[in-house]
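Coordinate analysis (summary)
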Amino acid sequence: MSFAGVPFYHRPRLLLLLAISGAGLLSVWHLRLAPWDLWGDGERVALLGHFFAAAVSPALRSESGLATAMLPRVVQAAANTVVFATAATSLALVAGTLLGLLASRRFWALFATTRAIAPLLHAGVRAVVGLLRSIHEVLWALMILAAFGLSPAAAVLAIAIPYSGTFAKIFSEMLDEAGPEASEALRLVGAPTLSVFAFGLVPGALPDMGAYAFYRFECALRSAAILGFFGFPTLGKLIFEAAGELHFHETWTGLYALFALILAVEWWSGALRQRLTVA
Amino acid sequence: MPTLPRSSRRHASWGWLASVGEPAPGFPRFLLEDVSFGYGAATALRDVSLRVAPGEAVAIVGPSGAGKTTLLRLLVGALRPDRGRVHVDGRDLQQTRSRELRAVRASIGFVHQDLRLVPTGRVLTNVLAGRLGRWSLMRALRETLFPRRSEVERVHALLARTGIPEKIYQRVTNLSGGQQQRVALARALYQEPRSLLADEPVSSVDPARARDTVALLARLAKEEELTLLASLHDLPLAREFFPRLVGMRRGQIVFDGPSRDLLDEDFRALYQLSEEELLEGA
């Protein structure tokens, strides 16, 4: 096989494409993937039918015997979701910003000429950041719950820990990519090293950092909802419990509430991001 | 426009720099002794010597690649010479410790060719940044996040002198090239320097504004009693506004003297590229 006289083993992109396709096929074979397995017996298909049929008529009253109104419960759960997400994002933002400064190449480069230990510290911070974000918030929740039991702080920490790692990684990259011109000018004004960093580099990265923080807040809402599965009083708990009792109309009420919440925050943060970057 | 009192007398905010002190009298402001500098294998300056007295206004003229920017950057210690010595106010930059070097830099306002403003910042913040060399980080945060009314008024007055007072709360990205240059100039003046270095100050403005810009630069330097060094392409402008011209070509000074003494042949020699140079440029 050759194109225009170049043998295939000298075509790196073609080889890469073949390797990726090969890996994909190998995984399908290894897992014995078969879409028809999803159907199983008739009972499961019927259940699936019920679930999707309930989508057009979300419950306004509880499907349990008491038939209490859904709205106060949903509003309460949605509010809890927002509160957990806000607390976790705020905490992660503070920790992530500090770690992000310490994880950026630029920050250590300012000291590199005088401190031989800088590369070591830099590598250490990056390792910590990697560790924080390589463990998913659900796993952090499992560990923290096992250690401290079910408390609001447990949920907030479970989200805040991996998020501070993610903030740190993204913020450090944004700082490293900010243009060097302004900071060079401030260095020549005679500014001390930390001022060069704070006034020459950070402002250039700030709009992007702000925009990213809003995006992470949206992610935190989804994470807070998911942590409801462990018993925290967020929308996830409502959805999880309703689905467990096969109250699909209630389940859909919870799902729609989550959907509306995410859309509202997306719209709001989109508007804010626009103002941050354009104004 | 009314002339305001000289800013460094008006305002004693030298902070820790006060300990470094005023330069001893009698020293030239800038002194280069047999300075050579190269970027890797490419030589940018070869055995350049230059002496500039306090209060002088000097234009450095010559074609692109003559070494004008390199010369200016050596004077603020942005580059270190490969050979020779650079002195500012009698201080050998090779032997200054970082604190002293910062003091020297704080005494020199530098208007960069590409301006180098903080792009997301407002005009006010950018001008306030001129004083960063005098402030610790904490003081700088306080002064820029919660600027005092008196400082805002001072910045406003400086912007009025550079011609854009109404832009004080605008973001610099919303300004034209010429307006941004005035912000860079105001930043350099707010620094309360003893000297002002301007690298190709007319490259970011249209030719019609070039004369205004150079005139403004020369006037402000005179009013503030600053030593002024500007690199310029435009010979007629340099001749009109600067009493002393330094001509550079291929990393060397080819003439240095009062502008009125320079003959047209000198200028021709500066810009008439030899066949060899034309081939290098190709």
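Our subject is the structure that appears above.
It should be emphasised that the depicted structure is a prediction, and the values quoted were computed from it without experimental measurement. (Residues numbered from 1 in each chain as written. Chains lettered and ligands numbered in written order. Predicted model: local features only at pLDDT ≥ 70, side-chain atom pairs only at ≥ 80, totals over all residues.)

**Some thoughts on the overall build of chain A**
- Per the secondary structure count, chain A includes 11 helices and two strands.
- Tracing chain A from N to C terminus, the helices and strands come up as β-β-α-α-α-α-α-α-α-α-α-α-α.
- In terms of its C-alpha atoms, chain A occupies a principal-axis envelope of roughly 75 × 60 × 45 Å.
- Buried positions account for 35% of the 279 residues belonging to chain A.
- Long-range contacts, defined here as pairs at least 24 residues apart, represent 70% of the contacts in chain A between residues at least 6 apart. (Helix = DSSP H or I, 4+ residues; strand = E, 2+ residues; numbered from the N terminus. Buried ≥ 20, exposed ≤ 12 C-beta atoms within 10 Å, placed from the backbone. Contact = placed C-beta atoms within 7 Å.)

**Digging into the overall build of chain B**
- Regarding its fold elements, chain B presents 11 helices and 10 strands.
- Taken over 282 residues, chain B has a buried fraction of 44%.
- Across chain B, every contact between residues at least 6 apart in sequence was considered, and the portion connecting residues at least 24 apart equals 68%.

**Here we look at the environment of Asp206 of chain B**
- Tracing the backbone through its elements, the reader meets Asp206 of chain B in the loop between β7 (195-199) and α8 (207-223).
- Asp206 of chain B sits 28 residues away from Gly178 of chain B along the chain, and the two C-alpha atoms are 8.0 Å apart.

**Concerning the interface of chain A and chain B**
- Opposite the 19 residues of chain A that make contact, chain B presents 23 residues.
- Within the residue set of the side of chain A that touches chain B, elements represented by two or more residues are α8 (181-188) and α9 (193-227) of chain A.
- Looking at the side of chain A that touches chain B, the element that brings in the most residues is α9 of chain A, giving nine residues.
- Residue composition of the side of chain A that touches chain B, by class: 13 nonpolar, four polar and two charged. (Nonpolar A, V, L, I, M, F, W, Y, C, P; charged D, E, K, R; others polar.)

**So, the sheet that holds strand β2 (residues 42-52) of chain B**
All names here are of chain B.
- The four strands lie next to each other as β2-β1-β4-β5, forming an open sheet whose pairing is antiparallel. The open sheet is flanked by β2 and β5 (91-92), the only strands paired with a single partner.
- Of the pairings in the sheet, the one linking strand β1 (residues 30-39) to β2 comprises seven bridges and is antiparallel in character. Each residue of the ladder has a partner; that of Leu31, found in β2, is Arg51. (Pairing = 2+ DSSP bridges.)

**Notes on the sheet that holds strand β8 (residues 227-232) of chain B**
Residue and element names in this part refer to chain B.
- Read across the sheet, six strands follow the order β6-β7-β8-β3-β9-β10 without closing on themselves; strand pairing throughout is mixed. With partners counted over all chains shown, the strands left at the sheet margins are β6 (108-111) and β10 (252-258), one partner each. The average undirected angle you get between the axes of adjacent strands in this sheet is 15 degrees.
- Sheet topology note: the strand β3 (residues 57-61)/β8 ladder contains five bridges and is parallel. Within β8, the position partnered with Ala57 by the bridge is Leu228. (Axes fitted to C-alpha atoms, helices over the stretch in contact; angles between N-to-C directions.)

**What about the packing of α8 of chain A against α9 of chain A?**
Residues and elements named next belong to chain A.
- Where α8 meets α9, the axes come as close as 8 Å, and the angle between the chain directions of the two elements is 160 degrees. The angle between α8 and α9 places the two elements in the roughly antiparallel class. Relative to α9, α8 is oriented so that their crossing is right-handed. Facing α8, whose interface residues are Ala182, Ser183, Leu186 and Arg187, α9 presents Ser195, Val196, Phe199, Gly200, Leu201 and Gly204.
- Tallied by class, the residues present in the contact of α8 with α9 amount to five nonpolar, four polar and one charged. (Parallel < 35°, antiparallel > 145°, perpendicular 65-115°, else oblique. Left-handed = near helix turned anticlockwise from the far one by under 90°.)

**So, unusual backbone geometry**
- With phi around 50 degrees, Arg32 of chain A is a residue other than glycine that occupies positive phi space.
- Positionally, Arg32 of chain A belongs in the loop between α1 (12-31) and α2 (42-53).
- The exposure class of Arg32 of chain A is exposed, given the 7 C-beta atoms found within 10 Å.
- Despite not being glycine, Arg250 of chain B has its phi angle at roughly 50 degrees, a positive value.
- In this structure, Arg250 of chain B sits in the loop between β9 (244-249) and β10.

**Quick notes on the pairing of β3 of chain B**
All names here are of chain B.
- Counting buried residues in β3 gives four out of five residues, a clear majority hidden from the surface.
- Inspection of the sheet shows β3 paired to β9 by four bridges, in the parallel sense. Bridge assignment links Val58 to a residue of β9, and that residue is Arg244.

**Concerning helix α6 (residues 149-162) of chain B**
- Taking 1.5 Å per residue as the helical rise, α6 of chain B with its 14 residues ought to reach 20 Å, and the 20 Å between its terminal C-alpha atoms agrees with that figure.
- Gly163 of chain B lies just past α6 of chain B and shows a positive phi near 100 degrees. (Expected span 1.5 Å × (residues − 1).)

**Observations regarding the nonpolar core**
All names here are of chain A.
- The biggest cluster of nonpolar side chains holds 141 residues, and the ones touching the most others in it are Ala88, Ala155, Ala158 and Ala224.
- The element that contributes the greatest number of residues to this core is α9, accounting for 15 residues.
- Beyond its immediate chain neighbours, meaning those up to four positions away, Ala88 contacts Val156, Ile159, Ala160, Tyr163, Ala220 and Ala224. (Core = buried A, V, L, I, M, F, W, Y, C linked by C-beta atoms within 7 Å.)

**Focus: the pairing of β8 of chain B**
Residues and elements named next belong to chain B.
- The element β8 is extensively covered by neighbouring structure, given that six of its six residues are classed as buried.
- The two faces of β8 match: Thr227, Leu229 and Ser231 on one face and Leu228, Ala230 and Leu232 on the other face are all buried.
- Here β7 pairs with β8 via five bridges, running parallel. Bridging across to β8, Leu196 finds its partner in Leu228.
- Note on the crossover from β7 through α8 to β8: the handedness is right-handed. (Right-handed = clockwise from strand over helix to strand, strands pointing away.)

**Description of the environment of Leu33 of chain A**
Residues and elements named next belong to chain A.
- Along the chain, Leu33 turns up in the loop between α1 and α2.
- By C-beta crowding, Leu33 is classed as exposed, having 9 other C-beta atoms within 10 Å.
- Separated by 162 residues in sequence, Leu33 and Ser195 have C-alpha atoms that sit 57 Å apart.

**Considerations on the packing of helix α3 (residues 70-103) of chain A against helix α7 (residues 152-177) of chain A**
All names here are of chain A.
- Taken N-terminus to C-terminus, the directions of α3 and α7 make an angle of 40 degrees; their axes are 6 Å apart at the nearest point. It follows that α3 is oblique to α7 by the angle criterion. Remark: the crossing between α3 and α7 carries right-handed chirality.
- Split into classes, the residues belonging to the contact of α3 with α7 amount to 18 nonpolar, six polar and one charged.

**Some remarks on α9 of chain A**
- In this model α9 of chain A runs just 43 Å from its N-terminal to its C-terminal C-alpha over 35 residues, more than 12% under the 51 Å that 1.5 Å per residue would give.
- Val202 of chain A marks the point of greatest bend in α9 of chain A, at about 50 degrees, and the proline Pro203 of chain A comes within the next four residues. (Bend = angle between axes of the 7 residues up to and from the residue.)

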